[in-house]
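# What the coordinates show
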Amino acid sequence: MLLLLGLCLGLPFCAGSEDRLAPALELEEARRWDDTLEQVGRRVPRQVRLLQRLKTKPLMTEFSVKSTIVSRYAFTTVSCRMLNRASEDQEVEFQMQIPAAAFITNFTMLIGDKVYHGKITEKEKKNGDRVKEERNKTTEDNREKGTETFRASLVIPSKDKAVFLLSYEELLQRRLGKYEHIISVRPQQLVGRLTVEVNILEKSGIASLEVLPLRNSRQKGTGRGEDDSGAPASTVINQNETSAKVIFKPSVIQQARIAQNGVLGDFIIRYDVNREQSIGDIQVLNGYFVHYFAPKDLPPLPKNVVFVLDSSASMVGTKLRQTKDALFTILHDLRPQDRFSIIGFSNRIKVWKDHLVSVTPDNIRDGKVYIHHMSPAGGTDINGALQRGIRLLNNYVARNDIEDRSVSLIIFLTDGKPTVGETHTIKILNNTKEAARSKICIFTIGIGNDVDFKLLEKLSLENCGLTRRVHEEEDARSQLIGFYDEIRTPLLSDIRIDYPPSLVEHVTKTLFPNYFNGSEIIIAGKLVNRKMDQLHVEVIASNSKKFVILKTDVPVEPQKVGNDVTGSSRPKGDGKEDPNHIERLWSYLTMKELLSSWLQSDNEQEKERLRQKAQALAVNYHFLTPFTSMKLKKSAIQTERLEDNYGISAAIGPETVMQSLRGADMQPGPALKRPYNPRIKISKTSADGDPHFVVDFPLSHLTVCFNIDGQPGDILRLVSDHRDSGVTVNGELIGAPAPPNGRKKQRTYFRTITILVNKPERSYLEITPNRVILDGGDRLVLPCNQSVVVGSRGLEVSVSANANVTVTIQGTIAFVILIHLYKKPAPYQRNHLGFYISNSKGLSSNCHGLLGQFLNQDAKLTEEPARLSKNLTDLPLPQADERSETVLKVKGHRVPVVWKQRKIYNGEEDIDCWFAKNNAAKLIDGEYKDYLASHPFDTETTFGLGIPRGL
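Residues numbered from 1 in each chain as written. Predicted model: local features only at pLDDT ≥ 70, side-chain atom pairs only at ≥ 80, totals over all residues. Heavy atoms only, no water.

With an omega of -5 degrees, the peptide bond running from Asp690 to Pro691 counts as cis. Tracing the chain through its elements places Pro691 in the loop between β33 (686-688) and β34 (692-697). The backbone phi angle of Lys159 is positive, close to 60 degrees, even though this residue is not glycine. Here Lys159 shows up in the loop between β8 (147-156) and β9 (161-171). Positioned with a positive phi, Asp297 is a non-glycine residue whose angle comes to about 60 degrees. With respect to the secondary-structure elements, Asp297 resides in the loop between β18 (288-293) and β19 (303-310). Residue class for Asp297 comes out exposed when judged on its relative accessible area of 74%. (Helix = DSSP H or I, 4+ residues; strand = E, 2+ residues; numbered from the N terminus. Buried < 20%, exposed > 50% of the residue type's maximum accessible area, 1.4 Å probe, protein only.)

Further remarks concern the packing of aromatic side chains. Scanning the entire structure with this criterion turns up 25 aromatic pairs. Both rings, one in Phe107 and one in Phe164, keep their centres 6.5 Å apart while their planes meet at 20 degrees; by these two values the pair is stacked. Within this pair, whereas Phe107 is found in strand β5 (residues 103-111), its partner Phe164 is found in strand β9, the two being separated by 57 residues in sequence. Of the two residues, Phe107 and Phe164, neither departs from the other in class, the shared state being buried. By way of ring pairs, the aromatic residues Tyr73, Phe75, Phe103, Tyr588 and Phe623 are connected into one cluster. A cation sits over an aromatic face here: Lys607 above Trp598, 4.0 Å from the ring centre. It is Lys900 that lies over the ring of Phe915; its NZ or CZ is 4.3 Å from the centre. (Phe/Tyr/Trp six-rings, centres within 6.5 Å; stacked < 30°, edge-to-face > 60°. Lys NZ or Arg CZ within 6 Å of the ring centre and 35° of its normal.)

Another aspect to go through is the pairing of strand β42 (residues 788-792). Within β42, five of the five residues are buried, leaving the element largely enclosed by the surrounding structure. Across the two faces of β42 the burial is the same, with Val788, Val790 and Ser792 and Val789 and Gly791 all buried. Both β42 and strand β43 (residues 795-800) contribute to a ladder of five bridges, which runs antiparallel. Bridging across to β43, Ser792 finds its partner in Leu795. The antiparallel hairpin formed by β42 and β43 contains two residues in its connecting segment, where Arg793 sits at a positive phi of about 50 degrees. (Pairing = 2+ DSSP bridges.)

Here the focus is the sheet that holds strand β31 (residues 547-555). With antiparallel pairing, four strands are arranged side by side in an open sheet as β28-β26-β30-β31. The sheet is open, and its two edges are formed by β28 (511-516) and β31, each paired on a single side. Taken pair by pair, the neighbouring strands of this sheet meet at an average axis angle of 25 degrees, ignoring direction. Where strand β30 (residues 534-542) lies against β31, nine bridges are found, and the strand directions are antiparallel. Note that in β31 the partner of Leu535 across the bridge is Val554. (Axes fitted to C-alpha atoms, helices over the stretch in contact; angles between N-to-C directions.)

Moving on, we come to the pairing of strand β17 (residues 281-285). For β17, the buried fraction is high: four of the five residues fall into the buried class. In terms of strand pairing, β17 meets β18 through five bridges, oriented antiparallel. In the sheet register, Gln283 faces β18, and the bridge partner there is Val290. Counting the residues between successive antiparallel strands, the hairpin from β17 to β18 contains two residues, one of them, Asn286, with a positive phi of roughly 55 degrees.

Turning next to the state of the cysteines. Under the counting rule described, the total for this entry stands at two disulfides. Put simply, Cys441 and Cys464 are joined by a disulfide, and their sulfur atoms are 2.0 Å apart. Across the disulfide from Cys441 to Cys464, rotation about the S-S bond amounts to roughly -105 degrees, and the bridge is consequently left-handed. Here Cys464 lies in the loop between α8 (453-462) and β25 (467-470) and Cys441 lies in strand β24 (residues 441-447), a separation of 23 residues in the sequence. We classify Cys441 as buried; its relative accessible area is 3%. Judged by its relative accessible area of 25%, Cys464 is partly exposed. (Disulfide = S-S within 2.5 Å.)

A word on the packing of helix α10 (residues 581-600) against helix α11 (residues 604-621). How two helices sit against one another is set out by the angle between their axes and by the gap between those axes. Two elements in contact, α10 and α11, have axes separated by 9 Å at closest approach and are oriented at 155 degrees. Regarding the angle of α10 to α11, the classification is roughly antiparallel. Considering only the axes of α10 and α11, their crossing is left-handed. Contact residues: Glu583, Arg584, Trp586, Ser587, Thr590, Met591, Leu594, Ser597, Trp598 and Leu599 in α10; Lys607, Leu610, Arg611, Lys613, Ala614, Leu617, Ala618 and Tyr621 in α11. The class makeup of the residues in the contact of α10 with α11 is 10 nonpolar, three polar and five charged. (Parallel < 35°, antiparallel > 145°, perpendicular 65-115°, else oblique. Left-handed = near helix turned anticlockwise from the far one by under 90°. Contact = heavy atoms within 4.5 Å. Nonpolar A, V, L, I, M, F, W, Y, C, P; charged D, E, K, R; others polar.)

This brings us to the environment of Phe516. Structurally, the position occupied by Phe516 is in strand β28. In this structure the C-alpha to C-alpha distance between Phe516 and Asp485, which are 31 residues apart in sequence, comes to 9.6 Å.

It is worth spelling out the confidence of the model for the chain at this point. Summary statistics for the chain give a mean pLDDT of 78 and a share of 77% for residues scoring 70 or more. Put simply, helix α1 (residues 24-30) is where the chain has its lowest mean pLDDT, 38, and strand β12 (residues 193-201) is where it has its highest, 95. This stretch, residues 1-55, has a pLDDT under 50; its non-local contacts, to residues over four places away or in other chains, come to 124 contacts. Between residues 560-578, whose pLDDT stays under 50, and residues either more than four places distant or in other chains, the model counts 76 contacts. (pLDDT = per-residue confidence, 0-100.)

As enumerated under the stated definition, the model contains 29 salt bridges in all. Among the salt bridges present, the one from Arg275 reaches Asp272, with a minimum N-O distance of 2.9 Å. Asp272 carries the same exposure label as Arg275, and that label is buried. The salt bridge partner of Glu927 is Lys929, with a shortest N-O separation of 3.8 Å. Glu927 sits in the partly exposed class, given a relative accessible area of 47%. (Salt bridge = Lys/Arg side-chain N within 4 Å of Asp/Glu carboxyl O.)

It is worth spelling out the sheet that holds strand β13 (residues 206-211) at this point. Taken together, the four strands give an open sheet; going across it, the order is β10-β11-β16-β13, and neighbouring strands pair in antiparallel fashion. Edge strands, defined here as strands with exactly one partner in the open sheet, are β10 (174-175) and β13. Here β13 pairs with strand β16 (residues 265-273) via five bridges, running antiparallel. Bridging across to β16, Ile206 finds its partner in Val273.

Take the side chain of Ser519 next. With respect to the helices and strands, Ser519 occurs in the loop between β28 and β29 (521-527). For Ser519, a relative accessible area of 18% puts it in the buried group. In contact with Ser519, not counting residues within four places along its chain, are Arg174 and Ala294.

The next point concerns the packing of α8 against α10. α10 packs onto α8 with a crossing angle of 110 degrees between their chain directions and a minimal axis gap of 10 Å. Put simply, α8 runs roughly perpendicular to α10. Contact residues: Glu457, Lys458, Leu461 and Glu462 in α8; Ser596, Leu599 and Gln600 in α10. A per-class count over the contact of α8 with α10 returns two nonpolar, two polar and three charged.

Helix length check: helix α7 (residues 425-436) (12 residues) gives 16 Å between terminal C-alpha atoms against 16 Å at 1.5 Å per residue, within 8%. What α7 keeps buried is the set Ile428, Leu429, Thr432, Ala435 and Ala436. Axial view of α7: buried residues confined to an arc of 140 degrees, hence all on one face. Facing away from the buried side of α7, by more than 90 degrees, are the exposed residues Ile426 and Glu434. (Expected span 1.5 Å × (residues − 1). Arc of directions from axis to C-beta.)

Our next topic: the side chain of Gln255. Note on placement: Gln255 falls in helix α3 (residues 252-258). By relative accessible area, which is 0% here, Gln255 ends up buried. A distance of 2.8 Å separates the side chain of Gln255 from the backbone oxygen of Val191, its partner in a polar contact. Among residues more than four places away in sequence, those in contact with Gln255 are Gln189, Leu190, Val191, Leu194, Pro250 and Leu264. (Polar contact = N/O pair within 3.5 Å; in protein donor to acceptor, adjacent residues only side chain to side chain.)

Right under this line is the structure:
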């Protein structure tokens, strides 16, 4: 069944992916076919033609991407659901463009009831059914700039479904003063449910955030946006000081307006963070540290720059014209203190001036004239052009003795391979490195599809530069100017960042040749002593006028991994503690440096040592690299017990793919009970429906009810007891239209219930009507349509298929979440959850929240004006003709109430309750806004009983 798994660089999309599906309105109507195959046979006759058209290929029913960015480190999970409604088996291909700098950490396929889970292993010569990674095959690749394409093909049986789950991680790079997070939204067809969600958590604070218009290349299948500026339609942004949530959820009609073929483009978020200390921001978590260094308000260093431009015959036409236009703009941007020269090369080396000249209006004009008269002819002497450019810079620096007070750069542009002079790659690299002597940085730009990009990449790697690839059919001018803008303002050179050797170990690179304005230097490492209270940091560098020395003792505030939103990336039992986002960041940086060193090394023994070290690190942290492969392991889940081991979990992040349901720390043995009966009767204390709140006071035999009219997207604090019992429960609302002739403008339901447990060890659950995500050592994703029980470290989760989820904590706290599903929902209905407190013995007397504040409390009823019953618990219900006011006394509040009936347990039981009007304004402590959480994992409380927000 498994035909192909591959990670390739930019192979063209399959031809069939651009076939147009049904009209947008018809596809919107057909979107629910994923929920039940039986509906296909019950379609009315007017749908017959639509069915025939859609049978030609499998239908994508859902495409969702969720990213969580924690301190610049991004965890991304992609989920894609496919449905084969044809009467025969069909092949389907899943493909996803991911950033070239990212590492894939997990891939899982679900085909019917079969699960294929990926495991990262050492790469072998015979890979079998493994995911492969190929890099730098530039002669065969036609990849888009900065991306790679992951592909997986399989055959879906007739009338069956398939789910693809892909996870990857990357460290966002700061360029031009912004971090840029790019998510490819190219499902290749219109999708009934398409969602992109990005959560950003930055401890130092978010300084700016923007969502750009969808961006696409000019390749075949490019969509056209609805507008030239601003965020795409249906984008919602919620932001506070340290966190932000961005959701892009276009309807089928909105997708069709962008691109009928489903190639919407790149969803791009740009943001920056606050920076206060000149020495940078140092964060510590569970024995690992990261240092972000991005100084500002420094005078720029003078540049000594030589532009080396390919003018061979292959540059004829658009490439040379756009290169000239870009250089005209760049020359005008040079500063008065800079020095420059220009070299054109083909089979001959043509130097504009045999020395560097100052930036004056006359020199700029003469340089532009020289560039204007460049004409394409001849071959490509890359080696000779580089040697001449380096010689110009070395001579100028030697004559003027300014090495420590300026930065020497070569900006080298070509569209081909060496064809004249020295043509052997290794010799060109060695000649360049020997001549530059680590004093000249070479920035390379490759234009078109025929360039030797691997050569350019190594030239930049070995000579402290960067490389970019520009596609011929795209706007090369703006890309060239954008690349130059990244390096136009050097602020520091010869940077060295030191930490006490006795206090840190396994630190990433600490020497940097240059720091350019708008960029960032990132260093990570391990702390030898986790209990240290401060870390000495020393930065030595030079700028335009003097040496810069920064020294400081940075306070170290050790944090426990329990405050880490990302949780664990590997199962326990290997003698190591849970990783966290800073450890993941450290492993990512270390892996990148090992790969770079391996690529630069010419010594076979050294290359083999680096390969083994990188391979061991990649296997340990589950990175798919050139030295590792991904083997798929077939697994199965049965309803009452766990049958097979899913293998080692590979990815972490906001919504990790299906992972080990029987990890080293889970306890699914005989001690586990059978799942709860779907019709179980539990405590009345609950929040269910619209939502309707019910509080049971068993000592007084009273039941009180109230409504909360929230807004879609609000996250309500239901139970807040983080400081004492370590338990917090939050619920996120989803909106729906009100029923016809109703008094409300809209309805709200609970879409997600989040339960955080901090004792004895950190765990959290995210429950939706479709799945349960459990992070309790291992990260698990449990589907709600299958009955299963899992337990770990005093936490037990029991799922009764399509009925309820029961969460038991330390045997003294139990919550039951009812699952409300609709086969044919009305417009005002939504699949949602109901939250019930079954056992609250373990919650403290300080517990708060909309429901928690009433636990362990007592209540009394009185009537006004006078007719009080001696036995308040047996107070008769008010008659219809009585006008007296009934008052509830609880927690010092006097609340007017009226009697009414309310349905609970999914409408199976009616209860009598005393109803508090006006959004429970006089019943609850504080106001409604005091119960709003900033994000699902927020443990803070406004009433002084919690701790600061901790993730």
